[in-house]
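A structural walkthrough
Chain by chain, the residues:
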Amino acid sequence: MGKANKIVMMTALAATVTSAGIFVSNNSASADDKAVKLWVDNKAYKPIVKQFTKDTGIQVDFKIGQSADAQADLKKDPSAAADVFMFPHDQLGQMVQAGLIYQNTKYEKSIKKDQTDSAVQGASYKGKMYGYPYGVETQVLYYNKEKLSADDIKSWASLTEKGKLTTNFAGDGANYKYVPLFMSNGDYLYGENGEKVKGTNFNNDKGMQVLKWIAQQKDNNGVIQSTDAASLNKMSNGKADAYLSGPWDKVTLKKEMGDKLGVAKYPTVNFGDGDKQMKTFLGVKLFGVNAQTDKALNAMKLANYLSSNKVQKQVFDKLGYVPSSKSVQASGDVQKDDVAAAVTEMAKPENSVIMPKLPQMVTFWGPSDALINDAYKGKLTSDTEMQSKLDKLVKQSTKSEK
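Keep in mind the model is a prediction, meaning the values are calculated, not measured. (Residues numbered from 1 in each chain as written. Predicted model: local features only at pLDDT ≥ 70, side-chain atom pairs only at ≥ 80, totals over all residues. Heavy atoms only, no water.)

**Some points on the overall build of the chain**
- Across its full length, the chain carries 19 helices and 15 strands.
- Computed over its C-alpha atoms, the radius of gyration of the chain comes to 21 Å, within 12% of the 21 Å expected for a compact globule of 402 residues.
- Across the 402 residues that make up the chain, the buried fraction comes to 56%.
- Accessible surface, the chain: about 16700 Å² in total, of which carbon and sulfur atoms supply 48%.
- With 54 positive and 44 negative side-chain charges, the chain shows a separation of 3 Å between the mean positions of the two kinds. (Helix = DSSP H or I, 4+ residues; strand = E, 2+ residues; numbered from the N terminus. Rg over C-alpha atoms; globule rule 2.2 N^0.38 Å. Buried < 20%, exposed > 50% of the residue type's maximum accessible area, 1.4 Å probe, protein only. Areas by Shrake-Rupley, 256 points an atom, 1.4 Å probe, with all protein chains shown as cover. Lys, Arg positive; Asp, Glu negative; His and termini not counted. Charge placed at Lys NZ, Arg CZ, Asp CG, Glu CD.)

**Comments concerning helix α17 (residues 338–346)**
- Extensive coverage of α17 is indicated by the burial of 7 of its 9 residues.
- Taken residue by residue, α17 has V339, A340, A341, A342, V343, T344 and M346 as its buried positions.

**Re the packing of aromatic side chains**
- In this structure the tally under the stated criterion is 18 aromatic pairs.
- Taken together, a centroid distance of 6.1 Å and an interplanar angle of 25 degrees make the contact between Y176 and F281 stacked. With Y176 in helix α8 (residues 174–178) and F281 in strand β14 (residues 280–289), this residue pair connects regions lying 105 residues apart in the sequence. The same class applies to Y176 and to F281, which are both buried.
- Put simply, the rings of Y176, F182, Y190, F202, F281, F364 and W365 pair up and form one aromatic cluster. (Phe/Tyr/Trp six-rings, centres within 6.5 Å; stacked < 30°, edge-to-face > 60°.)

**Here we look at helix α11 (residues 228–237)**
- When we look at burial in α11, the residues that qualify are S231, L232 and M235. Taken around the axis of α11, the buried residues stretch over an arc of 100 degrees, which confines them to a single face. Turned more than 90 degrees away from the buried face of α11, the exposed residues are A229 and N233.
- Structurally, α11 contributes buried residues whose contacts are with β7 (140–144), β8 (165–167), β10 (242–245) and α12 (250–257). (Arc of directions from axis to C-beta. Contact = heavy atoms within 4.5 Å.)

**Describing the environment of Y134**
- Relative to the assigned elements, Y134 resides in strand β6 (residues 132–137).
- Residues Y134 and A303 lie 169 residues apart in sequence; the distance between their C-alpha atoms is 9.6 Å.

**Describing the pattern of salt bridges**
- According to the stated counting rule, one finds 19 salt bridges in the structure shown.
- With a closest N to O distance of 3.0 Å, K177 and D228 form a salt bridge. Of the two residues, K177 is situated in helix α8 and D228 in helix α11; the sequence distance between them amounts to 51 residues.
- Overall, the relative accessible area of 4% leaves K177 in the buried class. (Salt bridge = Lys/Arg side-chain N within 4 Å of Asp/Glu carboxyl O.)

**Some remarks on unusual backbone geometry**
- A positive phi angle is found at K126, which is not glycine, with a value near 55 degrees.
- By the secondary structure assignment, K126 is in the loop between β4 (124–125) and β5 (128–129).
- At Y190, a residue that is not glycine, the phi angle is positive and equals roughly 60 degrees.
- Position of Y190 among the secondary structure elements: in the loop between α9 (180–184) and α10 (205–216).

**Digging into the sheet that holds β10**
- Strand order in the open sheet formed by 5 strands is β9-β8-β10-β7-β11, with mixed pairing between adjacent strands. Of all the strands in the sheet, just β9 (223–225) and β11 (261–264) have a single pairing partner and so form its edges. Averaged over all neighbouring strand pairs, the angle between strand axes comes to 30 degrees, with direction disregarded.
- Pairing of β8 with β10 involves 2 bridges; the strand directions are parallel. Opposite T166, over in β10, you have Y243 as the bridge partner. (Pairing = 2+ DSSP bridges. Axes fitted to C-alpha atoms, helices over the stretch in contact; angles between N-to-C directions.)

**Considering the environment of S158**
- Along the polypeptide, S158 turns up in helix α7 (residues 156–162).
- Along the sequence, S158 and L148 sit 10 residues apart, while their C-alpha atoms lie 9.7 Å from each other.
- When sequence neighbours within four positions are dropped, the list of residues in contact with S158 reads D151, D152, I153 and G163.

**Regarding the nonpolar core**
- Of all hydrophobic cores here, the largest spans 120 residues; its most connected members are L38, Y45, W156, F202 and F287.
- Residues within four places of W156 in sequence aside, it is in contact with L165, F169, Y178, W213, Q217, N220, V223, L244, P267, T268, V269 and M278. (Core = buried A, V, L, I, M, F, W, Y, C linked by side-chain atoms within 4.5 Å.)

**Re the packing of helix α2 (residues 46–56) against helix α14 (residues 309–319)**
- Taken N-terminus to C-terminus, the directions of α2 and α14 make an angle of 155 degrees; their axes are 11 Å apart at the nearest point. When the axes of α2 and α14 are compared, the pair comes out roughly antiparallel. As for the relative orientation of α2 and α14, their crossing is right-handed in sense. Residue-level contacts link P47, I48 and Q51 of α2 to K310, V311, Q314, V315 and K318 of α14. (Parallel < 35°, antiparallel > 145°, perpendicular 65-115°, else oblique. Left-handed = near helix turned anticlockwise from the far one by under 90°.)

**Things to note about the pairing of strand β2 (residues 60–64)**
- The buried fraction of β2 amounts to 5 of the 5 residues, a majority that puts the element mostly inside the structure.
- Residues of β2 alternate between two faces, with V60, F62 and I64 on one and D61 and K63 on the opposite face, all of them buried.
- Where strand β1 (residues 36–40) and β2 come together, 5 bridges link them in parallel fashion. Looking across to β2, one finds that W39 is bridged to K63.
- Crossover β1 to β2 through α2 is right-handed. (Right-handed = clockwise from strand over helix to strand, strands pointing away.)

Right, here's the structure in full:
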């Protein structure tokens, strides 16, 4: 969908990955045919996997790769793919419909008990659980504490009146940031739970309010249109005072801004009927089990271990992945981390919407980007044009990728 690379923390591919992105098994490392093949993003998981083997006696064939590519790589050759793999939850619908992922029945009860409701929803599709959640991700508001106060950032109006917000309405990726505005105003993307193909209703009065609000931002002196890369520079050099982004920009901003950097949940926004909480998309990081595995019990045991409270805390300490476990989220170490605390706040249902998992999302992204871009640039000059574009987007949202 073009945003998956931001929803996961990326690392360089190891030599075991071909130029096409397919994971290739190392036969010498897999001499024991009882070994469970694992794909993960980061080598920091290696000591964790060694401990799993020590505790259980189950051997693991460890490989580094990109979780954003998991669905595509599984499709290429499921029988040669990993038994356990990382992936972003919005790929789940495609995996289920393609028969690529093993249903998680053995650990369903414990996951529902230990993980947040949003994480459970992200791991499930059509009423069945498939994934093993290990983290959540949302965008947050980064701001300069020397320029803006905690009160200044509570609403979009005061934020952009008293400071300069650098953001992207006019280019690629505007959809990821601003499609949730429609849900902020009470509309649905693929229904209330994100799984209804004909459940998008952006072409109503509430949707028109949102589109008109987007168009108004071009004349808002407190909004600076920028790409993400340019926005980081503007925050660093003081030309902008606030920026909407995710944990992936935490290190860069802290390095450049130091103690001046503040982090908070999104502001409220007024589309014409009073202030409403501005929402963001919520992504859930998952482990999955290959439907074609011949080591199902061991694979499920490994996936469950990697999503356990103990491992989520270890991975937060090492990599900063914000946990999906209720108890780990509430721990002191997580809550004293300003970015992690802001993400856990934004991850609450009143502040975010779970990214839909339907395969139709693949064909939704392009038209939604164009709609937001055109509205902001002033290319939609009448209510009739706006309504027509919204109608077209809703129709487009029901189509599957060919």
